[in-house]
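# Notes for the structure review
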Amino acid sequence: MTPTKQGSSNSHLTGELTMILTALHEHPALARALTDPSAPVDVRRKLIDGAFASLSPSARATLGDALDKNWDSSASLLNWVEETSVKAAWQSADSSGSINRCLDEVFTFSQMVYHNHELRSALVDRSRSVDQRQALVRSLLAPTMAEPSVDIAVAALGSHYGTIDDALSAYLTIGAELIGAQIAVVKLAQPLDSKQKKELTAELAKRMGTTIIIQEVVDPSVLGGVRVECGAEVIDSTLTSRLEAARREFS
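Residues numbered from 1 in each chain as written. Predicted model: local features only at pLDDT ≥ 70, side-chain atom pairs only at ≥ 80, totals over all residues. Heavy atoms only, no water.

### Quick notes on the nonpolar core
Cut-off, in case you're wondering: To qualify as a nonpolar core, a set must consist of buried Ala, Val, Leu, Ile, Met, Phe, Trp, Tyr and Cys residues joined through side-chain atoms within 4.5 Å. In this scheme, a residue with accessible area under 20% of its type's maximum is buried, one over 50% is exposed, and one in between is partly exposed, where area comes from a 1.4 Å probe on protein chains only. Here, residues are in contact when the closest pair of their heavy atoms is within 4.5 Å.
Counting residues in hydrophobic clusters, the biggest one holds 35 residues, and the most contacted among them are Trp90, Phe109, Leu123, Val137 and Tyr171. Dropping the residues within four chain positions of it, Leu123 is found in contact with Phe109, Val113, Arg133, Leu136, Val137, Leu157 and Ile164. With 21 residues, the next largest nonpolar core counts Leu13, Leu30, Ala31 and Ala88 among its residues.

Okay, structure coming up:
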């Protein structure tokens with residue numbers, strides 16, 4: 001499906017807000033100046049126009065809207081910019097009809113980062129600038145993934161959430177919530193067939209009271225059964241867990 005004009009606009013905004021976030025991380029004095037309650041709003045708006053003159057009026061206006069809020073710290077502003085950036089990417093995916101694809105792609109990237117130690121080392125290497133690491137992610141993902149997915153993966157490298165794993169998990173939650181759903185990470189020894197996936201999705205939706213999006217993790221060490229993580233709830237019916245429970249009971 002061809003992206004709508006609104007989808008393209010949101011995707012462009014995501015990229016520019018990510019650039020703003022990186023700049024604010026690298027120049028904390030600028031972030032403090034933008035959240036200084038003693039400085040008039042119009043003065044801070046001029047600071048935005050000067051510091052980010054190369055960016056679009058839309059990106060500068062979005063950051064300018066944040067000046068109307070009472071921030072308790074510059075970190076709170078950075079959090080807001082990050083979340084606004086990620087939401088814009090998901091909105092782009094939703095308006096272009098590709099949000100389910102993007103949820104799958106971002107989850108796939110999160111699994112790549114978790115399991116590929118060489119990639120992970122490159123992405124957390126502080127000897128490289130954030131821009132360099134973001135460029136690396138774009139070069140890796142752009143050929144095969146949708147633009148919003150790439151934008152979201154890139155944003156995770158400058159996140160306030162903690163590790164890149166924490167950031168991607170939080171971003172996936174934001175994307176799922178946009179379409180009124182919740183993600184269930186299902187770990188099992190063999191992939192679900194279409195019937196099994198449909199039945200498990202329905203069962204979890206009934207239990208959780210919301211639409212469920214299943215993300216599968218195939219792990220041969222599971223031995224049998226499934227382990228489901230859905231928000232704060234964990235359902236573990238794997239043979240591995242039952243054997244461990246039995247071991248504890250008789251130890």
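Okay, back to it.
### Observations regarding helix H8 (residues 130-141)
Let me state the cut-off plainly: Put simply, DSSP marks the helices as runs of H or I at least four residues long and the strands as runs of E at least two long, and each gets a number from the N terminus on. Here the expected span of a helix is defined as 1.5 Å times the quantity of residues minus one. The reported arc concerns the directions from the helix axis to the C-beta atoms and nothing else.
The end-to-end C-alpha distance of H8 is 16 Å, a good match for the 16 Å that twelve residues give at a rise of 1.5 Å each. By the burial criterion, the buried members of H8 are Val130, Arg133, Gln134, Val137 and Leu141. Relative to the axis of H8, the buried residues are bounded by an arc of 100° and lie together on one face.

### Looking at the sheet that holds strand E1 (residues 181-188)
Just so we agree on the cut-off: When DSSP finds two or more bridges between two strands, those strands count as paired. To obtain each axis, a line is fitted to C-alpha atoms, and for helices this fit is confined to the stretch in contact; angles are then taken between N-to-C directions over 0 to 180 degrees.
Spatially, the four strands line up as an open sheet ordered E2-E1-E3-E4, and their pairing is mixed. Taken across any chain shown, the strands that pair with only one partner, and hence form the sheet edges, are strand E2 (211-218) and strand E4 (233-236). Shown here is a sheet whose adjacent strand axes are inclined to one another by a mean of 20°, direction ignored. In this structure, E1 lies alongside E2, joined through eight bridges in parallel fashion. Counted as the bridge partner of Val186 is Glu216 from E2. In the packing of helix H6 (residues 99-115) onto the sheet, the strands contacted are E1 and E2, and the crossing angle to E2 comes to about 35°.

### Here's the deal with the environment of Gln182
If you trace the backbone, Gln182 turns up in strand E1. For Gln182, a relative accessible area of 23% corresponds to the partly exposed category. Between the C-alpha atoms of Gln182 and Ile214, which are 32 residues apart in sequence, the distance is 8.7 Å. If we skip the residues at most four places from it in the chain, Gln182 touches Ala176, Met208, Thr210, Thr211, Ile212, Ile213, Cys230 and Gly231.

### Let's talk about the confidence of the model for the protein chain
Low pLDDT means the predicted coordinates in that region are not meant to be read closely. The following threshold applies: What pLDDT conveys is the predictor's confidence in a given residue, as a value from 0 to 100.
Averaged over every residue, the pLDDT of the protein chain is 88; residues scoring 70 or more account for 90%. Mean pLDDT across the elements of the protein chain ranges from a minimum in helix H12 (residues 239-250), with 53, to a maximum in H6, with 96. Predicted confidence is poor over residues 1-6, with pLDDT under 50, and the contacts of this stretch with residues over four places away or in other chains come to six contacts.

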